[in-house]
Amino acid sequence: QRRGRMKCFLVDRDRDGNPTAAVVDVDADQLPAGDVIVQVDYSSLNYKDALAATGTPGVALDLPLVPGIDAAGKVVQSKSDSFRVGDQVILAHEDLGTRLWGGWSQRVSAPAGACIRLPATLSSFDAMALGTAGYTAAQSVDKILAHGVAPQKGPVLVTGATGGVGIIAVKLLAQLGFHVVASTGKQQQHDWLMEHGAQEVIDRDELIGDSGKPLLPAKWAAAVDTVGGSTLATVIRSGQRGSIVTCCGMVGGKQLELTVFPFILRGVNLQGIDSAGATQDYRQMIWDRLGGEWMISDLESLTKTVPLSEISVAIPSILKGQISGRVVVQINED
């Protein structure tokens, strides 16, 4: 079943050691060993994928490499008791697309632990319109709800709201009845955010506090921060008593300069979101919710679909922060 040719986006090095990247035809026998082989319908383009696709050290951990931190499709070969040929699955794993052969390929060989059963209510396209970004947003919402935050407790902030995690968090929180305040540096996208559930939109500069004060006026019952750096520090200093702030990104910086005052005077809680390291059961539970009571309406309006053959055009755009919403990669273009 491995015989034949297939297309994939391959990152390698030239004779001088410089990264190269192109969509190529390879023999399917080049797939590494794994528990399951999945015929991929769709993958997605995330910021991490763009870093891997450009050979960024620390992200592209082992060249040659096929990027793609997630994928969705059908099992065509299985050595696992948990998955049978014909099962529809979502692929996501901490090493997928960084060390392991990733989703930008017509077939992927992966550990059984990387597989999540696709809820019957979602298509492969839906799964990748959500993707790891949607799963991360849903994790954040799960932590907020588990903390006991309810809509009547006050506004919930989402930073980096036009990004993949941000916009899905905005929609999901709005569907659950929260007053969502969206933060973005893209002024032209304010109306778009309001259309998708934000009740207020603020400029990201409002969250870059330079006053040096250890505490700021209390505003947020909860927050989903996708930015990190000084933005995250300002959000924490602005949390209400007993609030929770989830953290899942560092595009704004990896340093966090704070005093302990928000934590010991207001009881603000900082919750890290580890999308890659969660157990398979927890990941399945989140995806089942996304296919059930948390189903996101109108996913198509959040997405742009790009065929694998044209993915190189979209990579610079996401690296420059020029993309709003999600980019779905159509793998089997036929």
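Residues numbered from 1 in each chain as written. Predicted model: local features only at pLDDT ≥ 70, side-chain atom pairs only at ≥ 80, totals over all residues. Heavy atoms only, no water.

Student: What should I look at first to understand the packing of helix H2 (residues 124-146) against helix H3 (residues 164-175) in this one?
Tutor: One can describe the packing of H2 onto H3 by two numbers: an axis separation of 8 Å at closest approach and a directional angle of 55°. Between H2 and H3, the angle is such that the two are oblique. Crossing handedness for the pair H2 and H3: right-handed. Every residue of H3 that contacts H2 at Ala-129, Leu-130, Ala-133, Gly-134, Thr-136, Ala-137, Ala-138 and Val-141 is listed here: Gly-164, Val-165, Ile-168, Ala-169, Leu-172 and Leu-173. For the contact of H2 with H3, the residue count by class is 11 nonpolar, three polar and no charged. (Axes fitted to C-alpha atoms, helices over the stretch in contact; angles between N-to-C directions. Helix = DSSP H or I, 4+ residues; strand = E, 2+ residues; numbered from the N terminus. Parallel < 35°, antiparallel > 145°, perpendicular 65-115°, else oblique. Left-handed = near helix turned anticlockwise from the far one by under 90°. Contact = heavy atoms within 4.5 Å. Nonpolar A, V, L, I, M, F, W, Y, C, P; charged D, E, K, R; others polar.)

Student: Got a minute to help me understand the sheet that holds strand S11 (residues 220-225) in this structure?
Tutor: Adjacent strands of a sheet form backbone hydrogen bonds with each other and so pair up, either parallel or antiparallel. Pairing in this open sheet of six strands is parallel, and the strands run S10-S9-S8-S11-S12-S13 from one edge to the other. Among the strands making up the open sheet, the edge pair consists of strand S10 (200-203) and strand S13 (269-272). Sheet twist, expressed as the mean angle between neighbouring strand axes with direction ignored, is 20°. Sheet topology note: the strand S9 (residues 180-184)/S10 ladder contains four bridges and is parallel. Along S10, the bridge assignment pairs Thr-184 with Asp-203. Sitting on the sheet, H2 touches S11, strand S12 (239-247) and S13, and the angle it makes with S12 is about 155°. (Pairing = 2+ DSSP bridges.)

Student: I'm lost on the pairing of strand S15 (residues 326-330) in this one. Help?
Tutor: Within a regular beta strand, the side chains point alternately toward one face of the sheet and then the other, so they alternate between its two faces. With four of five residues buried, S15 is to be regarded as a mostly interior element. Sheet topology places strand S3 (residues 36-45) next to S15; four bridges connect them, and they run antiparallel. Residue pairing in the sheet places Ser-43 in a bridge with Val-329 of S15. The sheet contact formed by strand S14 (residues 303-307) and S15 spans five bridges and is parallel. (Buried < 20%, exposed > 50% of the residue type's maximum accessible area, 1.4 Å probe, protein only.)

Student: Explain the layout of surface pockets to me, please; I cannot follow it from the model alone.
Tutor: Over the atoms, a rolling probe the size of a water molecule traces out where space has been left empty. Roughly 240 Å³ of internal volume is contained in the second largest pocket. If you go around the second largest pocket, you meet 16 residues; those closest to its centre are Pro-32, Pro-64, Arg-99, Leu-100 and Trp-101. Residues belonging to the lining of the second largest pocket are distributed by class as follows: 11 nonpolar, three polar and two charged. (1 Å grid on protein atoms, 1.4 Å probe; cavity = no way out; pocket = protein on both sides within 12 Å on 5 of 7 lines; lining within 4 Å. Points joined across faces, edges and corners; volume = space filled by probe spheres on them.)

Note that all results are geometric; they support no functional claim without further evidence.
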